[in-house]
Amino acid sequence: SDTFTVKGKLSVHESATVICLRQSQRTSGKSETISVNTFGSEAAKSPLISSLFSENDGPGEYKFLNGWEILVGQNEVINYLRSTQTKLVTMRYPGEFKLAGGNLDEGESLEACAKRELYEEFLRPLGKADGSVQLNDIILHLFSVKQTRPVRSRSNLMYNYIALAEENPFLANLDIDDVNKKLRQRRKSFRTKVISGEYWKLSQEEKERISPEVHKLEWMPLSEMIKLCLSSMIPGFYVNEWQRQQFTMLSKDSKCLRRRDPMFMTAATLLEVDLIQNARSLKRMSDRLTEKELANAEQWLFEGMTNEDVLRVTKRRLSAGANPSFLTPNRWNSARKELDAAERISRL
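Remember, it's a predicted structure, so these values are computed and weren't measured experimentally.

Colleague: Residues and numbers for the pattern of salt bridges, please.
Modeller: Between side chains of opposite charge, a pair can form as their charged atoms come close. Across all of its chains, the model carries 17 salt bridges by this definition. Across the pair Arg-317 and Glu-298 runs a salt bridge, and its minimum N-O distance is 3.9 Å. Of this pair, Arg-317 sits in helix α11 (residues 307–317) while Glu-298 sits in helix α10 (residues 291–298), placing them 19 residues apart in sequence. Ionic pairing is found between Arg-312 and Asp-309, a salt bridge with its closest N-O pair at 3.0 Å. Highlighted residues: Arg-312 and Asp-309, both in helix α11, separated by three residues, approximately one helical turn.

Pasting the structure below:
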């Protein structure tokens, strides 16, 4: 595909994401399952999804046991900061539920980048840009590193951090209905400025202050978020009716909206979250991790590679039939047993 073709030399960028978690207060003992049947007959349209659940001993499945919920923001579809009165430009991951995250700035540490992106993408929409939450007070735990395939000659090395609601009061005390009410009010005021033409006369700084980036926020069961991420690989699936309507409306004018942007690596990251039993397990695991060691273990694409280099290493990486960055059901269940055993030993 032209999307994955490297033209010239590959560039590799470091980025940081924040996974905001809490454990569900719903009845314990209830589990959720994802299998190829979750996607119905539509799964056949995606060889990747079909192969993901194909194990040597039959169809595999993921069973979620630990009750994690994740705070996600649904992206707006139109990027007004890059649009003009005569041409609309769409967001990356338009209409997707996604994590707070973005690229590392020059001279910035990875953890500082994670906190800044959390502030810009979630805290500001939460109305916490008034100084009530200080970046230095946010508690994060290093979790994992993933690297994306090249898209438009660029690959991201993603450093993933976790923010627990029980350690961060702004998450624990979040009134999600009030937040979404304020987001709706903000969009209404914004649309008035766009329709009147006032918006297009503003300075870039003024536009940045009022342009909507997050459509709504939601605490979502981890299994549901993973299902939505995987469905991005299947033509015709949408996360909700609002995204479908936006795509239908804009696809006539934008070639960029022929299909959803792939959320495969986000799904790969979040699958590993459910292997963690509780906050205590996460902290103990995170204390042993370093950014450098995780990156060295994960990185397989490097700055300056040509398309031929990328094709060669990709073929070698997938030679065993499965993407090493993605836990197939059997590998996932084996990892769960190992971690559960380690948790029992730690309590002795």
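Colleague: Residue-level account of the environment of Gln-245, with values.
Modeller: Tracing the chain through its elements places Gln-245 in helix α7 (residues 241–250). Distance from Gln-245 to Asp-261, taken between C-alpha atoms, is 16 Å for residues 16 residues apart in sequence.

Colleague: Explain empty space enclosed by the protein to me, using residue names and the numbers behind them.
Modeller: Tallying each qualifying case throughout the model produces one cavity of 30 Å³ or more. In this structure, the largest cavity occupies an estimated 120 Å³ of space. In terms of lining residues, the largest cavity is bounded by Glu-120, Glu-121, Arg-124, Pro-125, Leu-183, Arg-186, Glu-208, Arg-209, Ser-211, Pro-212, Glu-213 and Val-214. Looking at the lining of the largest cavity, the elements with two or more residues in it are α2 (110–123), α4 (176–196) and α5 (204–210). Here the residues of the lining of the largest cavity are counted per class, giving four nonpolar, one polar and seven charged.

Colleague: Summarise the side chain of Asn-160; cite the residues concerned and give the values.
Modeller: Looking at where Asn-160 falls in the secondary structure, it is placed in strand β10 (residues 154–164). What Asn-160 contacts, discounting residues up to four positions off in sequence, is Thr-17, Ile-19, His-141, Leu-142, Phe-143, Ser-144, Val-145, Lys-146 and Thr-269.

Procedures and definitions
Residues numbered from 1 in each chain as written. Predicted model: local features only at pLDDT ≥ 70, side-chain atom pairs only at ≥ 80, totals over all residues. Heavy atoms only, no water. Salt bridge = Lys/Arg side-chain N within 4 Å of Asp/Glu carboxyl O. Helix = DSSP H or I, 4+ residues; strand = E, 2+ residues; numbered from the N terminus. 1 Å grid on protein atoms, 1.4 Å probe; cavity = no way out; pocket = protein on both sides within 12 Å on 5 of 7 lines; lining within 4 Å. Points joined across faces, edges and corners; volume = space filled by probe spheres on them. Nonpolar A, V, L, I, M, F, W, Y, C, P; charged D, E, K, R; others polar. Contact = heavy atoms within 4.5 Å.

Geometry only, nothing functional implied.
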